[in-house]
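# Observations on the three-dimensional arrangement
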Amino acid sequence: MYKSFLIKYAEIGVKGKNRYLFEEALVKQIKYALKKTEGEFAVRRTDGRIYVDALSDFDFEETVESLKKVFGISGICPVVHVEDEGFEKLCEDVVRYIGDTYPDIRDSQSEASVVNPRSGFTTFKVAARRARKNYPLDSMQLNVELGGVILDAYPKMRVDVHKPDILLHVEIRDKIYLYSEIIPGPGGMPVGTGGKAMLLLSGGIDSPVAGWMIAKRGVKIDAVYFHAPPYTSERAKQKVVDLAKKVADYAGPVWLHVVNFTDIQLYIYDKCPHDELTIIMRRYMMRIAEQIAKETDCLGLITGESIGQVASQTMASLAATNEVCTMPVYRPLIGFDKMEIVDIAEKIDSYEISILPYEDCCTIFVAKHPVTKPNLNIIKRHEQNLQEGIDELVEKALSTKEVIVVQA
Amino acid sequence: MEVYLDNSATTACFAEAAQLMHRVLCEDYGNPSSLHHKGVEAEAYLRYAEETFTKILKVNEKEIFFTSGGTESDNIALIGAVMANHRRGRHVITTRIEHPAVLQPMAYLEDQGFEVTYLSVDRQGRISLDELADAIRTDTILVSIMHTNNEIGSIQPIAEAGALIKQKNPQTLFHVDAVQGFGKVRLYPKKMQIDMLSASAHKIHGPKGVGLLYLREGAKVSPIMYGGGQQRGLRSGTENLPGIAGFAKAAEMVYESLEQDTDRMYALREQLTDSVGKMEDVVINGCPGREGAAHIVSASFRGVRSEVLLHALEERGIYVSAGSACAAHKPQPSATLKAIGVEKELLQSTIRFSLSGFTTQEEIAYTCQSLEEIVPKLRRYTRH
């Protein structure tokens, strides 16, 4: 029954002269999201709107699910097309549309979800729009006439022009478009409009969520993963690829840089106090991530840190790890509780993967009592112990990194 | 060098078995239940497989049933036997070191209100016949004891247990999970007074997804799946003919040279245990010498996490297992290792090496040398 979708976008509507850039990015992301969806689609921009037209049979649920993953979309309206065969016919079509879309109104006596429980009536408003100006009735006339037809057909419906339960849009084009439902989209901005950032992706719950949140603001995501064979397994790496894929479902292709971190980690283990291992290790991770970020035109780093979650995420520890970077470090989860993060992880379907029990490189040598209030001067002094060999090891880690392009 | 020492998880399929399977899949693909020539042709493979196994086990054709593998065989044997005999009693006996394919059905039976006695094992992983004798009651309907343990290779006194069970209570059914023992030793259910025996193809160089259940004629077992009534109604479903043919071929080949192969494997096992046993702070688990399985060595390396050692060996092309493959994806420590009293600290430091007829002396020497290089290095870097 539905032939196309009208795509609503909230925030990008207000971007003034740059608006077309945002719309183009949105169209591109919609096309990317629909590539794997069954059916042929055309995505077009007309009159300041974006339509997705189905050119073949398609799976409605699957298509809506795909569109729900495109940042920038605030609402998805399934549209019914009817031929323009005169006003009489349009009246019939509108009555049938209401009946088909809201079967509980048609079978009017039943308990309907759209029926206002207090009044027992469903309120509505017709919003007609003539893109084709030679139509015999103008918009106001259409609103009035079609409203009357609906009132006659469904005695349980009432007009409310201020807060209607159903807002029926009637658009006169080469064909006539009818729509009234709005399926909420993910919001945000189209990916690609906000530059690119480098996500530090571990195998945990937090980092994919952090990446998703920044991608939501239109930022393209690349990721870096620190691999420590033989201490971390091939499955741990596969898990990170799977997590990157969950981010790619929303953010488009993710370039995943896999850095072998074992030698650096063992070198720090040999030369530095054990309770500072995690902090010093993270400082080197940030240094390496920033280096890759610079080489790949990223404008910032993203981490999944949240204050106080573990010893390395106290304010003092964050200050110590942050100190090695000049690039901005975005920490979108900084004020989130674990449960709030888990809620999003479940929503984006990364949670089940994150809880697989493979060890990541942050935990393999973790001290029983790691420092929680690292003193930056002392950390820096202990890092002096690494002077002899660390540059070479970092160099080697960078030159041997593997790049995996993770597609949605 | 690639050294595959995880043969208790699965084995490489014999090329001859794979070739035969290809023929059954692509040429003689009929359904053995069909009346026409294609069906008759297919049925011949079923006959061939039945004959092969009756010869190997010295049993009747009517007593062989093909399943999807060890797990299904165990499930039919345990749940089917209990369902058919629950009016005679509600007591079942097994051991603490069984494979999950036995332990989980036992847990299910406990949920259904049956009483299960779990026999303890000694330091080498063997049950005590006295304890078994004490456990058998008039209402004991089933005893299930594994032949060879999959994690430490200990071998149970099956013949003695069979005699004991029948002497104490002739009505009690005796099931043996021989998934790790079949193809390594000669097993004769009649002589050993076994009523039911499970085996699996992919542990003996056959294909995955096929196993067998020996069921003594006269032993009452109910089906746990219903359908077209194939295999005398016990195991409905079109027979996995390519798998069954491949399984028979592999069994034929393994039993043809059984003694030479196991002698060779025992020699290789000794080479491995001698060398590893000499390393500092290493404990070998299970039975020594010929009392244990020819193909399994379990060793605990103090101060080394088994997963890390596994991956470090992997970097050198050596494939082993941490505990057993079936338990390795669960983070909890192995029940078998706990049952034989491995100290807590070593539970997560235990590696299983499992050999096959394809394993060579050079491979074992390379493995020993690699261990000597890797283990001290890994011990330097530990969690504090």
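Bear in mind the structure is a predicted one, so any value in this text is a computation, not a measurement.

### Some points on the overall build of chain A
- When helices and strands are counted, chain A shows 14 helices and 15 strands.
- The C-alpha atoms of chain A give 27 Å as radius of gyration, which overshoots the globular expectation for 408 residues (22 Å, by more than 25%).
- For chain A, the spread of C-alpha atoms along the principal axes amounts to about 85 × 40 × 35 Å.
- Burial status across chain A gives 39% buried among its 408 residues.
- Considering only residue pairs separated by 6 or more positions, chain A has 79% of its internal contacts joining residues 24 or more positions apart.

### So, the overall build of chain B
- Across its full length, chain B carries 14 helices and 13 strands.
- On the principal axes, the C-alpha backbone points of chain B span a range of 65 × 50 × 35 Å.
- Residues counted as buried form 50% of the 384 residues belonging to chain B.
- Considering only contacts in chain B between residues 6 or more positions apart, those separated by 24 or more positions represent 74%.

### Brief notes about the domain arrangement of chain A
Residue and element names in this part refer to chain A.
- Here chain A is described as being made up of domain 1 (4-184) and domain 2 (196-406).
- Contacts between the two partners involve 4 residues from domain 1 and, on the opposite side, 6 residues from domain 2.
- Looking at side-chain class alone, the side of domain 1 that touches domain 2 contains 2 nonpolar, 1 polar and 1 charged residues.

### Some points on the domain arrangement of chain B
Residue and element names in this part refer to chain B.
- If you check the domain split of chain B, you get domain 1 (3-11 + 257-380) and domain 2 (15-256).
- The set of elements that each furnish at least two residues to the side of domain 1 that touches domain 2 consists of α9 (258-278), β10 (296-301) and α12 (335-339).
- The dominant element in the side of domain 1 that touches domain 2, judged by the number of residues it contributes, is α12, at 4 residues.
- Residue classes in the side of domain 1 that touches domain 2 are distributed as 10 nonpolar, 15 polar and 2 charged.

### Considerations on unusual backbone geometry
- Note that the residue after Pro229 of chain A, namely Pro230 of chain A, is joined by a cis bond; omega there is 0°.
- Within the secondary structure, Pro230 of chain A sits in the loop between β11 (220-227) and α7 (234-251).
- For Gln193 of chain B, which is not a glycine, the phi torsion comes out positive at approximately 55°.
- Tracing the backbone through its elements, the reader meets Gln193 of chain B in the loop between α7 (189-192) and β7 (196-200).
- Taking the C-beta count within 10 Å as the criterion, Gln193 of chain B has 20 such neighbours and is therefore assigned buried.

### Focus on the interface of chain A and chain B
- Contacts between the two partners involve 12 residues from chain A and, on the opposite side, 10 residues from chain B.
- The class makeup of the residues in the side of chain A that touches chain B is 9 nonpolar, 2 polar and 1 charged.

### With respect to the confidence of the model for chain B
- With 97% of its residues at a pLDDT of at least 70, chain B reaches an overall mean of 95.
- Interface confidence in the predicted complex, given as ipTM, is 0.80; pTM for the same model is 0.85.

### Re the sheet that holds β10 of chain B
All names here are of chain B.
- Sheet architecture is open: 4 strands sit in the order β9-β10-β13-β12, paired in antiparallel fashion. The sheet is open, and its two borders are formed by β9 (282-285) and β12 (321-322), each paired with just one other strand.
- Here 5 bridges tie β10 to strand β13 (residues 350-354), and the two strands are oriented antiparallel to one another. In the strand pairing of β13, Ala299 is matched with Ile351.
- In this fold helix α10 (residues 306-315) packs onto β10, β12 and β13, with an angle of close to 40° to the strand it touches most, β13.

### What to know about the environment of Lys68 of chain A
- On the secondary structure map, Lys68 of chain A appears in the loop between α2 (60-67) and β4 (75-82).
- Along the primary structure Lys68 of chain A and Gly187 of chain A are separated by 119 residues, whereas in three dimensions their C-alpha atoms are 9.0 Å apart.

### As for the pairing of β11 of chain A
All names here are of chain A.
- Taken across its 8 residues, β11 has 8 buried, putting it largely inside the fold.
- Burial along β11 is two-sided: Lys220, Asp222, Val224 and Phe226 and Ile221, Ala223, Tyr225 and His227, pointing in opposite directions, are all buried.
- Handedness of the strand β10 (residues 196-200)-helix α6 (residues 206-215)-β11 crossover: right-handed.
- Across 6 bridges, the pairing between β11 and strand β12 (residues 254-260) is parallel. Residue pairing for β12: His227 is matched across the bridge by Asn260.
- Tracing the backbone out of β11, into α7 and back to the parallel element β12 gives a crossover that is right-handed.

### Here we look at the packing of helix α9 (residues 277-295) of chain A against helix α10 (residues 315-322) of chain A
All names here are of chain A.
- Closest axis-to-axis distance for the α9/α10 pair is 8 Å, and the angle between their directions is 40°. Taken together, α9 and α10 sit at an angle that is classed as oblique. For the pair α9 and α10, the sense of crossing is right-handed. The residues of α10 that touch α9, namely those facing Ile279, Arg282, Arg283 and Met286, are Ser317, Ala320 and Thr321.
- For the contact of α9 with α10, the per-class residue count stands at 3 nonpolar, 2 polar and 2 charged.

### Some thoughts on the environment of Arg352 of chain B
Residue and element names in this part refer to chain B.
- Assignment of secondary structure puts Arg352 in strand β13.
- When the 28 C-beta atoms within 10 Å are taken as the criterion, Arg352 is described as buried.
- Here the alpha-carbon distance between Arg352 and Val59, two residues 293 residues apart in the chain, equals 33 Å.

Rules and cut-offs
Residues numbered from 1 in each chain as written. Chains lettered and ligands numbered in written order. Predicted model: local features only at pLDDT ≥ 70, side-chain atom pairs only at ≥ 80, totals over all residues. Helix = DSSP H or I, 4+ residues; strand = E, 2+ residues; numbered from the N terminus. Rg over C-alpha atoms; globule rule 2.2 N^0.38 Å. Buried ≥ 20, exposed ≤ 12 C-beta atoms within 10 Å, placed from the backbone. Contact = placed C-beta atoms within 7 Å. Domains from an automatic or database assignment. Nonpolar A, V, L, I, M, F, W, Y, C, P; charged D, E, K, R; others polar. pLDDT = per-residue confidence, 0-100. Pairing = 2+ DSSP bridges. Axes fitted to C-alpha atoms, helices over the stretch in contact; angles between N-to-C directions. Right-handed = clockwise from strand over helix to strand, strands pointing away. Parallel < 35°, antiparallel > 145°, perpendicular 65-115°, else oblique. Left-handed = near helix turned anticlockwise from the far one by under 90°.

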